[in-house]
Amino acid sequence: MNITHIEYGKCAVTMYRSYAAPLTGITPIPESGFTGRANRLFAVDVEVHVLGDHFEAAYTKGDNQAVVATDTMKNFILKQGLAFEGATIEGLLHFLATRFLDTYADMAGMKILGREQPFMAAQVPDSQGGLEASDRLFSRSRDDFGYAEMTVMRGAQAHEITAQRSGRLGMQLIKLTGSSFMNFPRDEHTTLPERRDRPLFIYLDVYWRYRQAANAVASDHRDYVDAQQLRDLLQVVFHEFNSLSIQHLVHAMGERIFARYPQLGELHFEAQNRLWDTAFEADDGHAKTYCDPRPPYGHIMLTVTPDDG
Ligand SMILES: O=c1[nH]c(=O)c2[nH]c(=O)[nH]c2[nH]1
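Residues numbered from 1 in each chain as written. Predicted model: local features only at pLDDT ≥ 70, side-chain atom pairs only at ≥ 80, totals over all residues. Heavy atoms only, no water.

## A short note on the packing of aromatic side chains
Quick note on the threshold: A pair of Phe, Tyr and Trp rings is counted when the ring centres sit within 6.5 Å of each other, with Trp represented by its six-membered ring. The angle between the planes then sorts it: under 30 degrees is stacked, over 60 is edge-to-face, the rest tilted. By definition, any uninterrupted DSSP run of H or I lasting at least four residues is a helix, any uninterrupted run of E lasting at least two residues is a strand, and each is numbered from the N terminus. Residue exposure (1.4 Å probe, protein chains only): buried if accessible area is under 20% of the type maximum, exposed if over 50%, otherwise partly exposed.
Here the structure, examined in full by the defined rule, presents twelve aromatic pairs. Seen in terms of ring centroids, tyrosine 16 and phenylalanine 119 are 6.1 Å apart; in terms of plane orientation they differ by 85 degrees. Their pairing is edge-to-face. You can see tyrosine 16 sitting in strand E1 (residues 7-18) and its partner phenylalanine 119 sitting in strand E4 (residues 119-125), a full 103 residues away along the chain. Of the residues examined, phenylalanine 119 reaches a relative accessible area of 25% and is grouped as partly exposed. Relative to tyrosine 207, the ring of tyrosine 147 lies with its centre 6.0 Å away and its plane at 90 degrees, an arrangement referred to as edge-to-face. Here tyrosine 147 is found in strand E6 (residues 145-153), whereas its partner tyrosine 207 is found in strand E8 (residues 200-210), with 60 residues between them in sequence.

## Here we look at the pattern of salt bridges
Which entries qualify depends on this criterion: Salt bridge, as used here, is a side-chain nitrogen of Lys or Arg placed within 4 Å of a carboxyl oxygen of Asp or Glu.
Considering all chains together, one arrives at 15 salt bridges under this definition. We note a salt bridge from arginine 168 to glutamate 116, for which the minimum N-O separation is 3.7 Å. Of the two residues, arginine 168 is situated in strand E7 (residues 160-175) and glutamate 116 in strand E3 (residues 109-116); the sequence distance between them amounts to 52 residues. The structure contains a network of salt bridges with shared partners spanning Glu116, Asp144, Arg168, Arg231 and Asp232.

## Some remarks on the site of the ligand
Heads up, the rule is: Near, as used in this document, describes a residue that has one of its heavy atoms within 4 Å of the molecule or strand being considered. The definition of a polar contact used here is a pair of N or O atoms within 3.5 Å, where within protein one atom must be able to donate a hydrogen and the other to accept one, and adjacent residues in sequence count solely through side-chain atom pairs. Accessibility throughout is a Shrake-Rupley quantity obtained with a 1.4 Å probe, and a residue counts as covered only by protein chains that appear here. In this count, Pro and Cys sit with the nonpolar residues alongside Ala, Val, Leu, Ile, Met, Phe, Trp and Tyr, while Asp, Glu, Lys and Arg are called charged and the others, Gly among them, polar.
Taken together, Phe181, Leu192, Arg198, Ser245, Ile246, Gln247, Asn273 and Ile300 are the residues near the ligand. With respect to the ligand, the side chain of arginine 198 contributes an N or O atom lying 2.8 Å from an oxygen atom. Residue isoleucine 246 places a main-chain N or O atom 2.7 Å away from an oxygen atom belonging to the ligand. For the ligand, whose unbound accessible area comes to 290 Å², protein coverage reaches 71%. Classifying every residue of the shell around the ligand by side-chain character gives four nonpolar, three polar and one charged.

## Notes on unusual backbone geometry
Note: most peptide bonds trans; most residues except glycine with negative phi. Residue proline 296 is reached from proline 295 by a cis peptide bond, and omega for that bond is 0 degrees. By the element assignment, proline 296 lies in the loop between strand E11 (288-291) and strand E12 (298-304). In the Ramachandran plot, histidine 221 falls in the positive-phi region, its phi being about 65 degrees despite a non-glycine side chain. For histidine 221, the position within the fold is in the loop between helix H4 (214-217) and helix H5 (227-240). Relative accessible area serves as the criterion here: at 9%, histidine 221 is assigned to the buried category.

## Section: the domain arrangement of the protein
Definition in use: Domain start and end points were adopted from an automatic or database domain assignment. The criterion used for residue contact is that any of the two residues' heavy atoms lie within 4.5 Å. Buried area is understood as the total, over both parts, of accessible area removed when two parts are fitted together, assessed with a 1.4 Å probe.
Under the domain assignment, the protein is made up of domain 1 (7-165) and domain 2 (168-304). Computed over C-alpha atoms, the centres of domain 1 and domain 2 are 28 Å apart. Between domain 1 and domain 2, the residue contacts involve 29 residues of the former and 27 residues of the latter. Summed over both sides, the interface between domain 1 and domain 2 buries roughly 2,500 Å², with carbon and sulfur atoms accounting for 54% of that surface. One can count six salt bridges joining domain 1 with domain 2. The salt bridge involving arginine 231 is made with aspartate 144; its shortest N-O contact spans 3.0 Å.

## Brief notes about the UniProt feature "binding site: O2" (unreviewed entry) in the protein
Just so we agree on the cut-off: UniProt positions are given in the numbering used here, feature names are shortened, and annotations may be inferred rather than shown by experiment.
Per the UniProt record, "binding site: O2" (unreviewed entry) is found at Thr70 and Asn273. For the annotated residues, spread through 204 residues, the largest C-alpha to C-alpha distance comes to 38.6 Å, inconsistent with a single compact locus. Note that threonine 70 resides in helix H2 (residues 70-83). Threonine 70 sits in the partly exposed class, given a relative accessible area of 24%. Within the secondary structure, asparagine 273 sits in strand E9 (residues 264-273). Once you skip the residues sitting within four places of it in the chain, asparagine 273 turns out to touch Arg198, Leu200, Phe201, Ile246, Tyr297 and Gly298. Within polar-contact distance, the side chain of asparagine 273 engages the backbone nitrogen of leucine 275 at 3.0 Å.

This is the structure in structure tokens:
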């Protein structure tokens with residue numbers, strides 16, 4: 001048999017880093033109040049995949065001489081996480097991948113992924129009788145989260161980012177009114193009624209790539225696209241846009257993202273249709289009760305590039 005690809009690593013390395021550098025320098029957009037975060041708690045679930053033919057003997061002969069133990073990788077990530085001076089998940093992944101390649105000569109490259117572990121600062125009394133974000137108490141959030149992945153390959157002179165993707169994953173958005181689905185073809189298999197106004201509940205993951213990968217990791221953050229700011233933009237589009245379908249909605253989201261972030265070169269949407277079933281409605285038809293739908297769920301994808309991309 002022929003070996004065509006080798007990859008090994010560690011997943012679910014949770015790294016809770018206290019007092020990382022604050023995220024500053026973010027360019028504001030009209031759809032969001034987000035311009036940065038304090039990063040007193042910077043929590044990321046890291047996954048590393050080491051690439052390289054040097055590890056072949058471990059598979060073919062059980063020869064572990066070149067094998068960096070995945071337990072060692074976990075320790076390396078946590079130790080280097082302390083040396084990290086950046087403020088973004090992308091920056092962390094780039095830093096870690098670079099450190100791995102500099103330290104372990106048998107590694108030809110590394111694919112590395114990071115999932116934000118969101119924690120919200122608690123609201124606590126301030127000195128003026130109001131409330132402010134605590135500088136020390138945080139509550140774990142099960143909400144949507146930022147995501148990044150990148151592949152960094154060893155080069156003759158420098159290491160190179162050969163692939164990069166960022167995202168906001170796990171959004172669950174419900175719009176009570178202002179969404180329809182009509183005028184689709186009907187045949188002997190069609191039972192779905194036309195809906196002029198439906199309570200549209202979607203699960204949504206959005207991914208983006210930069211035109212230049214360097215913008216994902218630049219320390220000035222001027223062209224950095226923050227996942228929380230982009231999430232705010234998506235919510236505004238959903239709120240404003242009277243969609244004729246989920247397909248129509250994600251397309252409108254794509255147009256707004258490219259209008260705000262010309263530094264991006266590709267977007268990918270993965271939406272699930274979780275449209276609630278209507279159970280009962282008030283006599284005037286305004287208030288209603290709903291319940292979750294049964295599976296299966298519609299799955300709508302879209303990949304787009306800018307006009308000049
Ligand atoms: O927005 C929608 N797009 C579809 O393709 C579809 N199909 C379906 O049954 N409901 C919906 N809703």
